[in-house]
Amino acid sequence: MADAGTRQPIGVIGAGYVGLVTAAGFAELGSEVWCVDIDAERIARLRAGEVPIHEPGLAELLARNRARLHFSTDVTGALEHASLLFVAVGTPSTYSGDADLSAVHAVVAAIPPASDRALVMKSTVPCGTGAALQRSFREQGKEALGYVSCPEFLREGSAVEDFLHPDRVVVGADYGWAGDAVVDLYAPLGAPIVRTDVASAEMVKLASNAFLATKISFINEIANVCEETGADVVEVARGMGLDERIGPKFLHAGIGYGGSCFPKDVNALKQLAGNSGYHFQLLTAVIEVNELQKRRVIAKLHKHLGELPGKRVALFGLAFKPHTDDMREASSLVLAARLNADGARVTAYDPVAEGQARQLVSGISFAPSALEAADGADAVVLVTEWPEFLELDWREVTQAMAGSLVVDGRNALDPAAVQAAGLVYEGIGRAPRATPDERIRGEASEAAR
Ligand SMILES: NC(=O)c1ccc[n+]([C@@H]2O[C@H](COP(=O)([O-])OP(=O)(O)OC[C@H]3O[C@@H](n4cnc5c(N)ncnc54)[C@H](O)[C@@H]3O)[C@@H](O)[C@H]2O)c1
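Residues numbered from 1 in each chain as written. Predicted model: local features only at pLDDT ≥ 70, side-chain atom pairs only at ≥ 80, totals over all residues. Heavy atoms only, no water.

## Re the sheet that holds strand β13 (residues 405-408)
Strand pairing in a sheet is mediated by backbone hydrogen bonds. Such pairs are either parallel or antiparallel.
Then comes step 1: Pairing is parallel in the open sheet, where six strands are placed in the order β11-β10-β9-β12-β13-β14. Either end of the sheet is taken by a strand with one partner, and the two such strands are β11 (365-366) and β14 (424-426).
Then comes step 2: As paired elements, strand β9 (residues 312-316) and strand β10 (residues 345-349) share five bridges and run parallel to each other. By the bridge assignment, L315 is partnered in β10 with A348.
Then comes step 3: Those strands touched by helix α12 (residues 281-305) are β9, β12 (379-382), β13 and β14, and its axis lies near 160° from that of β13.
Then comes step 4: Each of β9, β10 and β12 touches helix α13 (residues 331-341); the most contacted strand, β9, lies at about 175° to it. (Pairing = 2+ DSSP bridges. Helix = DSSP H or I, 4+ residues; strand = E, 2+ residues; numbered from the N terminus. Contact = heavy atoms within 4.5 Å. Axes fitted to C-alpha atoms, helices over the stretch in contact; angles between N-to-C directions.)

Right, dumping it as structure tokens:
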């Protein structure tokens, strides 16, 4: 894509969803990349040409740029060859809801004093982290170390596309050469660059995720009101989304947001506000609505099946969204645990997330296909809208099931197709629609009167 000779080499610390995509993406743009992770098994697999995560297009990108990618458990090579060290380590929630920055601190600790490198923070960190880290650089005799906040906005499932075609790149740097160097690296992508201070860059990331989560909880509440009033949230969202001030994205009602980012980032912003003495009421509601939304499926199952002990429920999909194997904070975790607690017998199928799911969920069975999961089921719940579920022949599902209930937790199925197969369709915030047969019968009886 670019002349390798003109591109600066970089280091990437952390070879997870963000780190690997960043490493592969910059290698594609022509940089030599030294990618470091403390997980020796992960590094061994990467060196052997394996890809440890499921992310569309990543395997091809890594393979194409193998000669420019150097994987190691040791940061020495990155320090030797690169001035910019992109930090992409995990920042999970602590019990208090704050972000756990221990991995970030471990990265700083591994950098020797008097190193005139710069850390480029891709990990999502609370506003104020950059300032605190720069103070700690001085305390540790590392004042030559530069700092840039460059938050990551990629979405799992389309991370490679998002790296290559970002809506914007945010570069927060208070002073020094490193901000310009990061801008140069991203320049070939042609995306708008937002140059700002470190604290504002950190807040752009948290505020963006909090806003998107708010949009999801908002439409979920509208869906719940639709159920009480006879409106159909899919129609409502269509009508709302055409308003340019609102837009159609993130207006899909369902069983709540999950994943490694939204829950922890919304929590972290709420906690950050609280730590500074401000009660962020809106986010408190966003979080609560999301938690309740995951449990609404249980009420729908009760409505149709009565008590759940012994009832067989098939979960179609487990990953927090399609095209990823990531199970962190997936709504399916809450759903499976609730169903277990209620005595239901759960069989799940996910095209790629079974491996991760087995480590997190107990007491459920796994099936090798959707139809096998549906075998003998009283109800099917669509949890993750993988394309293969949208293309199912619902007559085959009807034949496999013992019962007839389909709960569409993502409003992704065609209700008419499900109903035409003789099944009962229950979406989220969707008004029950008459089947074509029922409509014809209704019209006939109207005519007879
Ligand atoms: N996953 C996303 O969609 C996404 C999107 C935007 C931002 N982010 C943020 O990016 C950061 C990374 O997220 P992720 O999903 O890639 O996490 P991840 O858990 O997939 O990867 C983190 C990697 O860092 C490694 N690591 C931990 N400590 C290390 C150390 N001291 N030195 C070297 N490697 C170390 C881990 O072994 C792991 O492989 C988080 O702050 C996250 O909030 C994630």
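Next comes the rest of the description.
## Topic: the nonpolar core
Then comes step 1: Among the nonpolar cores identified, the biggest contains 43 residues, and F26, L84, F86 and Y186 are the most heavily contacted of them.
Then comes step 2: Element by element, the count of residues in this core is highest for helix α1 (residues 17-28), at seven residues.
Then comes step 3: Leaving out residues up to four positions away in the same chain, F26 has contacts with R7, I10, S31, V33, F86, F163, L185 and Y186.
Then comes step 4: Within the second largest apolar cluster, 38 residues are counted, among which are L251, L339, V383 and L405. (Core = buried A, V, L, I, M, F, W, Y, C linked by side-chain atoms within 4.5 Å. Buried < 20%, exposed > 50% of the residue type's maximum accessible area, 1.4 Å probe, protein only.)

## Here we look at the pattern of salt bridges
Then comes step 1: Going through the model one piece at a time under the given rule, you end up with 22 salt bridges.
Then comes step 2: A salt bridge links K300 to E426, with the shortest nitrogen-to-oxygen separation between them at 3.1 Å. Taken together, the positions of K300 in helix α12 and E426 in strand β14 put the pair 126 residues apart, joining distant regions of the chain.
Then comes step 3: We classify K300 as buried; its relative accessible area is 5%.
Then comes step 4: Since its relative accessible area comes to 11%, E426 is described here as buried.
Then comes step 5: Across the pair D393 and R395 runs a salt bridge whose closest N-O atoms are separated by 3.2 Å.
Then comes step 6: Relative accessible area serves as the criterion here: at 29%, D393 is assigned to the partly exposed category.
Then comes step 7: By sharing partners, the salt bridges in this structure join E227, R296, K300, K303 and E426 into a single network. (Salt bridge = Lys/Arg side-chain N within 4 Å of Asp/Glu carboxyl O.)

## Quick word on the packing of aromatic side chains
Then comes step 1: Considering all chains together, one arrives at eleven aromatic pairs under this definition.
Then comes step 2: An angle of 70° between the planes, with centres 5.0 Å apart, marks the rings of F26 and Y186 as edge-to-face. Highlighted residues: F26 in helix α1 and Y186 in helix α8 (residues 178-186), separated in sequence by 160 residues. For the pair F26 and Y186, one class covers both residues: buried.
Then comes step 3: Ring geometry for F316 against F389: centres 5.2 Å apart, planes inclined by 25°, an arrangement best described as stacked. Linking F316 in strand β9 with F389 in helix α16 (residues 387-390), this pair joins segments that are 73 residues apart in sequence. For the residue pair F316 and F389, the accessibility class agrees, reading buried in each case.
Then comes step 4: Each member of the aromatic cluster is reached from another via a ring pair, and the members are F26, F86, F163 and Y186.
Then comes step 5: Across the ring face of F153, the terminal group of R168 is positioned such that the distance to the ring centre comes to 3.6 Å. (Phe/Tyr/Trp six-rings, centres within 6.5 Å; stacked < 30°, edge-to-face > 60°. Lys NZ or Arg CZ within 6 Å of the ring centre and 35° of its normal.)

## Some details on the pairing of β13
Then comes step 1: A two-sided burial pattern is seen for β13, the buried positions comprising L405 and V407 on one face and V406 and D408 on the other.
Then comes step 2: Bridging between β12 and β13 involves four bridges; their strand directions are parallel. Residue pairing for β13: V381 is matched across the bridge by V407.
Then comes step 3: Where β13 lies against β14, three bridges are found, and the strand directions are parallel. The residue bridging V407 from the neighbouring strand is E426, located in β14.

## Quick word on the site of the ligand
Then comes step 1: Taken together, 27 residues form the shell around the ligand, and within it V18, D37, T91, E156 and K264 come nearest.
Then comes step 2: Within the backbone of I38, an N or O atom sits 3.5 Å from a nitrogen atom of the ligand.
Then comes step 3: Taking T91, its side chain carries an N or O atom lying 2.6 Å from an oxygen atom of the ligand.
Then comes step 4: Summarising the interface, the protein chains cover 87% of the accessible area of the ligand, which totals 830 Å² for the free molecule.
Then comes step 5: Breaking the shell around the ligand down by element, the ones donating at least two residues are α1 and α5 (102-109).
Then comes step 6: No other element matches α5, which puts three residues into the shell around the ligand.
Then comes step 7: Of the residues assigned to the shell around the ligand, the class counts are twelve nonpolar, seven polar and eight charged. (Near = heavy atom within 4 Å. Polar contact = N/O pair within 3.5 Å; in protein donor to acceptor, adjacent residues only side chain to side chain. Areas by Shrake-Rupley, 256 points an atom, 1.4 Å probe, with all protein chains shown as cover. Nonpolar A, V, L, I, M, F, W, Y, C, P; charged D, E, K, R; others polar.)

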